[in-house]
Amino acid sequence: MKSNPVRCDTFHRVLKDIGSIALQIETLRTYFQQSLCREQYERSDAALLGGRFGYAPDEVNRLWKLFCGSNKCWETMLTETQSEVALFADALHLACFPNEPVRFCSHGLMSGFMQRMFDTLDSNNTCNITFKKFLSVVHTLIYGSQLSRMKL
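Summarised in this report is the structure supplied together with it. Please read these numbers as outputs of a predicted model, since none were measured by experiment. Counting restarts for each chain: residues are numbered from 1 in the order of the written sequence. Given that this is a predicted model, residues contribute local features only at a pLDDT of at least 70 and side-chain atom pairs are listed and counted only at 80 or more, while totals for whole chains, interfaces and linings are drawn from all residues. To obtain the side-chain values, all non-hydrogen atoms of the structure were used and water was disregarded.

Before going further, it helps to examine the pattern of salt bridges. By salt bridge we mean one thing: a side-chain nitrogen of Lys or Arg within 4 Å of a carboxyl oxygen of Asp or Glu. Evaluation of the coordinates by the stated rule reveals one salt bridge. Here Arg-62 makes a salt bridge to Glu-59, at a shortest N to O gap of 2.8 Å. Separated by three residues within a single helix, Arg-62 and Glu-59 lie in helix H3 (residues 57-68), roughly one turn from each other. Each helix is a run of H or I in the DSSP string that is no shorter than four residues. Each strand is a run of E no shorter than two, and both are numbered from the N terminus.

Structural data, given as structure tokens:
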């Protein structure tokens, strides 16, 4: 029966080690998030995406910053998708309608348009819009013909 105190002592040591490891993992995760936000804010594939969608690399980086939003959400940067309609609407507003007031997209008919645009682009029902789809839509809205805009 003397082995029981040893097991308790060992168990407490293991729990303490697990707590220490969990804290280290959380610290590493925080550093990773901060690093990702710094590094990913400039896209390394900007030239490739620019060629594919008809943008200059600087324009791709500008649109990427709009797509990520002011909060620079690391999940958005990691997955390259936008899951919030409000952030998508803000990005689309700033990319396509920069001279319109903020209320342009958040109130009235445009708010419904942004929700419908999000739902239309989310063809897989994942509640996410990829950055590539965003680039395509922005290109169509800015440079596309009236017919191509209607087809959206």
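Now for unusual backbone geometry. Positive phi outside glycine occurs at Asn-125, with the angle close to 55°. In this structure, Asn-125 sits in the loop between helix H7 (108-121) and strand S2 (129-130). Between buried and exposed lies partly exposed: a residue is buried under 20% and exposed over 50% of the maximum accessible area for its type, with that area taken using a 1.4 Å probe on protein chains only. Residue class for Asn-125 comes out exposed when judged on its relative accessible area of 66%. Notably, Cys-127 is not glycine yet its phi reads approximately 60°, a positive angle. What makes Cys-127 partly exposed here is its relative accessible area of 48%.

The pairing test for Phe, Tyr and Trp rings, Trp by its six-membered ring, is centres within 6.5 Å, and the orientation test on the planes gives stacked under 30 degrees, edge-to-face over 60, and tilted for anything in between. In this structure the tally under the stated criterion is eight aromatic pairs. Where Trp-64 meets Phe-131, the ring centres are 4.8 Å apart and the plane angle is 80°; that geometry is what we call edge-to-face. Highlighted residues: Trp-64 in helix H3 and Phe-131 in helix H8 (residues 131-143), separated in sequence by 67 residues. Each ring, one from Phe-67 and one from Phe-134, has its centre 5.2 Å from the other, and the planes form 45°; the classification is tilted. Within this pair, whereas Phe-67 is found in helix H3, its partner Phe-134 is found in helix H8, the two being separated by 67 residues in sequence. Phe-134 carries the same exposure label as Phe-67, and that label is buried. Here a set of aromatic residues connected by ring pairs shows up, and it is made of Trp-64, Phe-67, Phe-88, Phe-118, Phe-131 and Phe-134.

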